[in-house]
Amino acid sequence: ITSMHIRTTLSYFIILNSFVFTDFLGPKPFAPIRSEVEGHIARIKTKFESNPMDFATLKDIVCMEIETGVAEQSGSASNSLLWLTRYLMFIHEFLARFAESDINEDSLIADCLGVAYENCLREFHTPVIHNVFSVSTPSGTTRIPKNGKY
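Just so it is clear, the structure is predicted and the values come from calculations on it, not from any experiment. (Residues numbered from 1 in each chain as written. Predicted model: local features only at pLDDT ≥ 70, side-chain atom pairs only at ≥ 80, totals over all residues. Heavy atoms only, no water.)

Asker: Help me understand the overall build of the protein in this model?
Answerer: The number of helices and strands found in the protein is seven helices and zero strands. Along the protein, helices (α) and strands (β) appear in the sequence α-α-α-α-α-α-α when read from the amino end. Long-range contacts, defined here as pairs at least 24 residues apart, represent 62% of the contacts in the protein between residues at least 6 apart. Of the roughly 9,100 Å² of accessible surface on the protein, a fraction of 60% belongs to carbon and sulfur atoms. (Helix = DSSP H or I, 4+ residues; strand = E, 2+ residues; numbered from the N terminus. Contact = heavy atoms within 4.5 Å. Areas by Shrake-Rupley, 256 points an atom, 1.4 Å probe, with all protein chains shown as cover.)

Asker: Which parts of the structure should I look at to understand the packing of aromatic side chains?
Answerer: The description of an aromatic ring pair rests on the distance of the ring centres and on the angle between the ring planes. Inspection of the entire model under this criterion finds three aromatic pairs. The interplanar angle of 40° and the centroid separation of 6.0 Å between the aromatic rings of W83 and Y87 together place this pair among those described as tilted. Remark: Y87 and W83 occur in helix α5 (residues 77-100); sequence separation between them is four residues, near one turn of the helix. Across this residue pair, the class does not change: W83 and Y87 are buried. Taken together, W83, Y87 and F124 form an aromatic cluster joined through their ring pairs. Positioned above the aromatic ring of W83, the side-chain terminus of R86 is 4.6 Å from the ring centre. (Phe/Tyr/Trp six-rings, centres within 6.5 Å; stacked < 30°, edge-to-face > 60°. Buried < 20%, exposed > 50% of the residue type's maximum accessible area, 1.4 Å probe, protein only. Lys NZ or Arg CZ within 6 Å of the ring centre and 35° of its normal.)

Asker: Please clarify how the packing of α5 against helix α6 (residues 108-120) should be interpreted in this entry.
Answerer: Helix packing geometry: the angle between the two helix axes and the distance between the axes. Remark: α5 packs on α6, axes separated minimally by 8 Å, with the N-to-C direction vectors making an angle of 140°. Relative to α6, the element α5 is oriented oblique. Every pair of crossing elements has a handedness; the one defined by α5 and α6 is right-handed. On the side of α5, the interface is formed by R86, M89, F90, E93, F94, R97 and F98, while α6 contributes L108, I109, C112, L113, V115, A116, Y117, N119 and C120. Here the residues of the contact of α5 with α6 are counted per class, giving twelve nonpolar, one polar and three charged. (Axes fitted to C-alpha atoms, helices over the stretch in contact; angles between N-to-C directions. Parallel < 35°, antiparallel > 145°, perpendicular 65-115°, else oblique. Left-handed = near helix turned anticlockwise from the far one by under 90°. Nonpolar A, V, L, I, M, F, W, Y, C, P; charged D, E, K, R; others polar.)

Asker: How should the nonpolar core be read in this particular structure?
Answerer: If you look at soluble globular proteins, the nonpolar side chains tend to sit buried side by side. Core analysis: the biggest nonpolar cluster contains 24 residues, and F90 and L121 have the highest contact counts within it. Of all the elements in the fold, those that place two or more residues in this core are α3 (31-50), α5 and α6. With eight residues, α5 is the largest single contributor of residues to this core. Once you skip the residues sitting within four places of it in the chain, F90 turns out to touch L113, A116, Y117, C120, L121 and F133. (Core = buried A, V, L, I, M, F, W, Y, C linked by side-chain atoms within 4.5 Å.)

Asker: I keep staring at the pattern of salt bridges and nothing clicks. Help me out?
Answerer: Pairing between side chains of opposite charge can happen when the charged atoms of each approach one another. Counted according to the given criterion, the structure contains three salt bridges. Two residues, K47 and E65, come together in a salt bridge whose shortest N-O distance is 3.8 Å. Separated by 18 residues along the polypeptide, K47 in helix α3 and E65 in helix α4 (residues 58-68) bring together distant segments of the chain. Measuring nitrogen to oxygen at the nearest pair gives 2.8 Å for the salt bridge that ties R97 to E93. Residue R97 and its partner E93 are located together in helix α5, separated by four residues, close to a single helical turn. (Salt bridge = Lys/Arg side-chain N within 4 Å of Asp/Glu carboxyl O.)

The values are spatial; any link to function lies outside them.
Following this line, the structure appears as structure tokens:
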């Protein structure tokens, strides 16, 4: 294990913490989603910080949790990493659909978010979260902010 591995893992947290995609779409409507993502990031970071030498990479964390039988538990760092991957897939799907869409449609952002949610996250969420997403999408995405401000 080298200091490069540790820096790489730390860089992962810095990048995730600075990612403000949900703020771009509307900070208030997407607060529950952002809160969930931040919780997953915090869980992985806490695990890493508990033993940086043994958990120098994300792979080290996942392998240890598999060995100890906790990887599939809802509170595990491995489960949080899985959820963060799902959210990144959601963002990728949204951006890909947005890039391929007709920019003149009034419902463009909401439509792209809806399809991305259906394709990437819906099957993993409870009905309560489905409702949070469906309620937050129209109100949080009616317009694109200029200069990052509404």
